[in-house]
Amino acid sequence: MISRKKQRTYWVRQDQLLGFLLLLFGSIFFSDCQTPAPVPIRWEMAVTSGAPPAIILMIGDGMGLSQMSAAMYTSPNPLAIEEFPVIGFHKSHSSSDLITDSAAGATAFACGEKTYNGAIGLNADTIPCLSIMEEAMVRGMATGVVATSTIVHATPASFLAHQKMRIFYEQIAEDICQSGVDIMIGGGKRYFDRRKMDDRDLLAELQSRGYLIGDYFNGELTQVKPDPKLKFAFLTADNQPLPVNQGRSYLTYASRLSADFLNIRGAEEGFILMIEGSQIDWANHANEGKLAIQETLDFDRAVGEILKFARQRGNTLVIVTADHESGGMALQDGSKRGKIKTAFTTNGHTGSMVPVYAFGPGAEAFSGIYENTAIYHKMRDFLHWGPEKIGLENLKHLENQFLPKK
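One structure accompanies this document, and this report is about it. These numbers were taken from a predicted model, which means no experiment stands behind them.

Calculation criteria
Residues numbered from 1 in each chain as written. Predicted model: local features only at pLDDT ≥ 70, side-chain atom pairs only at ≥ 80, totals over all residues. Heavy atoms only, no water. Helix = DSSP H or I, 4+ residues; strand = E, 2+ residues; numbered from the N terminus. Contact = heavy atoms within 4.5 Å. Areas by Shrake-Rupley, 256 points an atom, 1.4 Å probe, with all protein chains shown as cover. Buried < 20%, exposed > 50% of the residue type's maximum accessible area, 1.4 Å probe, protein only. Axes fitted to C-alpha atoms, helices over the stretch in contact; angles between N-to-C directions. Parallel < 35°, antiparallel > 145°, perpendicular 65-115°, else oblique. Left-handed = near helix turned anticlockwise from the far one by under 90°. Nonpolar A, V, L, I, M, F, W, Y, C, P; charged D, E, K, R; others polar. Salt bridge = Lys/Arg side-chain N within 4 Å of Asp/Glu carboxyl O. Disulfide = S-S within 2.5 Å. Pairing = 2+ DSSP bridges.

A tally of helices and strands in the protein chain yields 14 helices and 14 strands. Residue pairs in contact within the protein chain that sit at least 24 positions apart in sequence constitute 74% of those at least 6 positions apart. Entry remark: accessible area of the protein chain is about 18600 Å², with carbon and sulfur atoms responsible for 55%.

Here it is as structure tokens:
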């Protein structure tokens, strides 16, 4: 005779066993019907390496949570961005406005200082600020910028130039030529070789300084094999490159090309690379939801290629974020997977907090909520640079343009 207490225990154990068998049977029977989970992060490959430190900062201009969500629900496969183990949020406001522009937003990343809308590599008092990329050059690291806009546009310009207004494209081109950046890929050929303010040919000047120069007019980027012994510049368009729905397709290739190139040139001290998916923002400004999704997916393909590179190389911190959200984009009622209905609240920027995704050594520092300027300081911490910047003397020739005359 089994006691009531023992009997209750017996039936509970039977029920647990039955549940386990059903779960096991269900997992086998329905495994073919389920969407496969993303491949787990091989975290040890992200952090274990004898390679010098490298940072790859990827900026999806105007890419907020809604743009990423719309792209995620449109794609039949998980996005690369879903593989990031650390996520935080930054406050994007500038020194002059709650709603930032790309120039102030990128300068915050580049210099660690809030500045006014429109400023390129200057602080709020219009004094040039040394960017993390410029300091990296002084320290012997290799550097590069890739964009789907002109190379003189606000985001890439903020890492290499110093101008009071973002629209001074020809002056920005001069600054970029003086910067010494190892690789640059983007549009804007006209600002270098068919200038209005003077008759200089900046591309010829770059070539005389040891650059291999290529451009869209003489072939595709995929046809050029850069020599790591030479610095490299490739201009992808005379002005702005085409949007992705009109045939632009170089971002993923250019991202991996630049990472591999800098990995060789920075074999001793490491490198810093900034990659911008520029035209997500432009689609939002035009309130073109479908195009915004296409541009975000194009950017995510580049993210996937960079993640692959970082896992293979090790000791590489990958950060993906945006300078701001634009369009006030929302996913509307009636949306379905593969068919998203979007709406916009503005054709300008918004003040929403912006997500930050991080992978690799130092990634844990990017969780939480912080100012956009903190991204600069977190990158410096990863590189183990002290609080004091070096190389400020390299900007002396620029300070005369901005300091008041005595």
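The rest of the description comes next.
With that settled, consider helix α7 (residues 169-179). Counted residue by residue, α7 has eight buried out of 11 residues, so it is predominantly covered. Remark: glycine 180 follows α7 within two positions and exhibits a positive phi of approximately 85 degrees.

This part covers the environment of glutamine 294. Tracing the backbone through its elements, the reader meets glutamine 294 in helix α12 (residues 289-313). On the basis of relative accessible area, glutamine 294 is assigned to the partly exposed category, the value being 28%. Residues in contact with glutamine 294, not counting those within four places in the same chain, are Val244 and Asn245.

Another aspect to go through is the environment of isoleucine 340. Its location among the elements puts isoleucine 340 in the loop between β10 (330-331) and β11 (342-343). The exposure class of isoleucine 340 is buried, given its relative accessible area of 18%. Residues isoleucine 340 and glycine 289, spaced 51 residues apart in sequence, show a C-alpha to C-alpha distance of 8.7 Å.

Moving on: helix α13 (residues 373-383). Owing to its 3.6 residues per turn, the α-helix aligns residues three or four sequence positions apart on the same side. Along α13, nine of the 11 residues are buried, which leaves the element largely enclosed by surrounding structure. Listing the buried residues of α13 in full gives Thr373, Ala374, Ile375, Tyr376, Lys378, Met379, Arg380, Phe382 and Leu383. Where α13 ends, the next residue or the one after it, histidine 384, has phi of about 60 degrees, a positive value.

With that out of the way, let us pick up the packing of helix α10 (residues 251-265) against α12. Their axes nearest at 8 Å, the elements α10 and α12 cross at an angle of 25 degrees. The orientation of α10 with respect to α12, classified from their angle, is roughly parallel. In the crossing of α10 with α12, the sense of the turn from one axis to the other is right-handed. Where α10 approaches α12, its residues Leu251, Thr252, Ser255, Arg256, Ala259, Asp260 and Asn263 are matched on the opposing element by Asp298, Phe299, Arg301, Ala302, Glu305, Ile306, Lys308, Phe309, Gln312 and Arg313. Taken together, the residues that form the contact of α10 with α12 break down as six nonpolar, four polar and seven charged.

Side-chain pairs of opposite charge can arise where the charged atoms are in close proximity. Applying the stated criterion to the full structure yields 20 salt bridges. Salt-bridge contacts for aspartate 182 lead to arginine 265; the nearest nitrogen and oxygen are separated by 2.7 Å. Residue aspartate 182 is found in the loop between α7 and β4 (183-187), and its partner arginine 265 is found in helix α10; the two are separated by 83 residues along the sequence. A relative accessible area of 7% means that aspartate 182 is categorised as buried. Between arginine 209 and glutamate 205 there is a salt bridge, with its nearest N and O atoms 3.8 Å apart. The class for arginine 209 is partly exposed, based on a relative accessible area of 44%. One network of salt bridges, with partners in common, ties together Glu174, Arg195, Asp198, Arg200, Glu205 and Arg209.

In this section: the state of the cysteines. Tallied over the entire structure, the rule returns one disulfide. The side chain of cysteine 111 participates in a disulfide bridge whose partner is cysteine 129; the two sulfur atoms lie 2.5 Å from each other. Taking the torsion about the sulfur-sulfur bond, which here is approximately 75 degrees, the covalent link between cysteine 111 and cysteine 129 counts as right-handed. Here cysteine 111, found in helix α4 (residues 102-111), pairs with cysteine 129, found in the loop between α4 and α5 (132-138); they are 18 residues apart in sequence, far enough to count as distant.

On to the sheet that holds strand β1 (residues 54-60), then. As summarised here, the arrangement of the 10 strands in space is β5-β6-β4-β3-β7-β1-β8-β13-β2-β14, forming an open sheet in which the pairing is mixed. At either margin of the open sheet sits one strand with a lone partner, and together these are β5 (211-215) and β14 (368-371). Looking at each pair of strands side by side, their axes are set apart by 15 degrees on average, direction ignored. Pairing of β1 with strand β8 (residues 316-321), which is carried by six bridges, proceeds in the parallel orientation. Across the sheet, residue isoleucine 59 finds its bridge partner in β8, namely threonine 321.

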